[in-house]
Amino acid sequence: MSADETVVSLSGVDVHFETDSGINPFADPETVRAVDDIDLEIAENDVVAIVGESGSGKTTLGKTAVGLQKPTGGTVSYRGQDISEARNWFSKPEIPFSEIRRSLQIIHQDPESSLNPHKSVRSSLEQPLKKWQTDLGPEDREARILAMLERVGMSPPHDYAQRYPHQLSGGETQRVALVRALLMNPDLILADEAVSALDVSLRVEMMDLMLDLQDSFDTSFLFISHDLSNARYVAEHAGGRLGVMYLGELVEIGPVEEVLQNPQHPYTKVLKWATPSLEIGDSTEPPIREIDIPDPVNPPSACRFHTRCPNATTYCQETAPEPLSTDGSDRRTACHRVDEESEYWQRSPLEGARLDR
Ligand code: SF4
């Protein structure tokens, strides 16, 4: 990937939040390491699907990638421009923050939150066109809006254009949110659990629509989901990458078919096992030692998965694994097991774990 093809680049990104420490007002605030030391590059026409349990930091990562959340460490750049610097009033960025905001769009799980309930669909869709496509007159704007509504299956478009959000179904509202994002002519759309609230029957339809539009509009997608089957569907159909997050860390990322056919991180194997359509072999035992997710305020030392991992050794408690690419490709895994030279292989398994190859 050459630098000028890169739309968004995250380098060593942390997002740490201080939280209220409870009933004792004199106690030090606690820190939640929602995102910890993440590197990620998203190129033009790229599709990256990120999957993880609730509390894994995937939404925070997505919001940070599109400039809606400030990192507390590391850098997020849009086409080489540091977004934090562009946001600073006193700096003179090469790319102004307003341009970055236009280029990086988001579709929420609850699209109603991004549509004004007092505005018709037409009025909501006119806004971005008036702001960003000033060369278009009223007739051109109307034609563009109607064509886009038709394109996303909202027909007859004249009828849908005059409706208000409460007159739309969940799937229709999500389509309007998608059209609104696309009318900004973005480089990247963050789809944050964008299909999770839809009926199962509508999910595939919506994901197909996103993929179709991603292809036609040359837009990149960062698709966030707690559901591996949805993340897989999107990444597989777009020939994209699948990333797996655990307690704020990106533990594995690579081309979706490689990650799913040959998961390297034990946590990826758990997610795969827990997704019936992707089940590994005929094992009925979960490939995990402990079901409960640790507290993100006080995550386990070193490898954060060591309290649950079926292959953990004493080394995993002491030394955090670095994300490694074993074959020089853009596949990376943060687990000692991918390093044949690691001291991990000389150590004793933790209680209940097995050191099998
Ligand atoms: Fe399991 Fe150790 Fe790999 Fe962590 S580093 S995932 S504990 S084997």
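Above this text you will find the structure in question.
We now turn to the structure provided with this report. Here the structure is a predicted model, which means the values were calculated and not measured.

**Re the packing of aromatic side chains**
Thinking step 1. Scanning the entire structure with this criterion turns up four aromatic pairs.
Thinking step 2. A centroid spacing of 4.7 Å and a plane angle of 55 degrees characterise the contact between Tyr246 and Tyr267, whose relative ring orientation is tilted. With a gap of 21 residues between them, Tyr246 in strand β9 (residues 241-246) and Tyr267 in helix α11 (residues 266-273) connect regions that are remote in the sequence. Each member of the pair Tyr246 and Tyr267 is classed as buried.
Thinking step 3. Note on Tyr246 and Phe305: the rings are 5.0 Å apart at their centroids and 80 degrees apart in plane angle, and the pair reads as edge-to-face. Placement of Tyr246 in strand β9 and of Phe305 in the loop between α11 and α12 (314-318) is noted, with a sequence separation of 59 residues between them.
Thinking step 4. Through a chain of ring-to-ring contacts, the aromatic side chains of Tyr246, Tyr267 and Phe305 assemble into a single cluster.

**Some details on the sheet that holds β9**
Thinking step 1. Reading across from one edge, β6-β7-β8-β3-β9-β10-β11 is the order of the seven strands in this open sheet, with mixed pairing throughout. The sheet is open, and its two borders are formed by β6 (104-107) and β11 (332-333), each paired with just one other strand.
Thinking step 2. When strand β10 (residues 249-255) meets β11, the two strands line up antiparallel, connected through two bridges. Bridged to Glu252 within β11 is Thr333.
Thinking step 3. Relative to the sheet, helix α1 (residues 58-65) contacts β3 (47-51), β6, β7 (188-192), β8 (220-225) and β9, its axis offset from that of β8 by approximately 160 degrees.

**Quick word on α1**
Thinking step 1. Burial of α1 is extensive: six of the eight residues sit out of reach of the surface.
Thinking step 2. Those residues of α1 lying buried are Lys58, Thr60, Leu61, Gly62, Thr64 and Ala65.
Thinking step 3. Downstream of α1 by a residue or two, Gly67 has a phi angle that is positive, lying close to 80 degrees.

**Notes on unusual backbone geometry**
Thinking step 1. That bond from Ser155 to Pro156 is cis: its omega, 5 degrees, falls within 30 degrees of zero.
Thinking step 2. Within the secondary structure layout, Pro156 lies in the loop between α5 (138-151) and α6 (157-161).
Thinking step 3. Despite not being glycine, Arg79 shows a phi value in the positive range, around 45 degrees.
Thinking step 4. Looking at the secondary structure, you find Arg79 in the loop between β4 (73-78) and β5 (81-82).
Thinking step 5. Its identity as a non-glycine residue notwithstanding, Asn185 has a phi of 55 degrees, on the positive side.
Thinking step 6. Along the chain, Asn185 turns up in the loop between α7 (170-183) and β7.
Thinking step 7. Residue classification places Asn185 among the partly exposed residues on the basis of a relative accessible area of 47%.

Criteria and cut-off values
Residues numbered from 1 in each chain as written. Predicted model: local features only at pLDDT ≥ 70, side-chain atom pairs only at ≥ 80, totals over all residues. Heavy atoms only, no water. Phe/Tyr/Trp six-rings, centres within 6.5 Å; stacked < 30°, edge-to-face > 60°. Helix = DSSP H or I, 4+ residues; strand = E, 2+ residues; numbered from the N terminus. Buried < 20%, exposed > 50% of the residue type's maximum accessible area, 1.4 Å probe, protein only. Pairing = 2+ DSSP bridges. Contact = heavy atoms within 4.5 Å. Axes fitted to C-alpha atoms, helices over the stretch in contact; angles between N-to-C directions.

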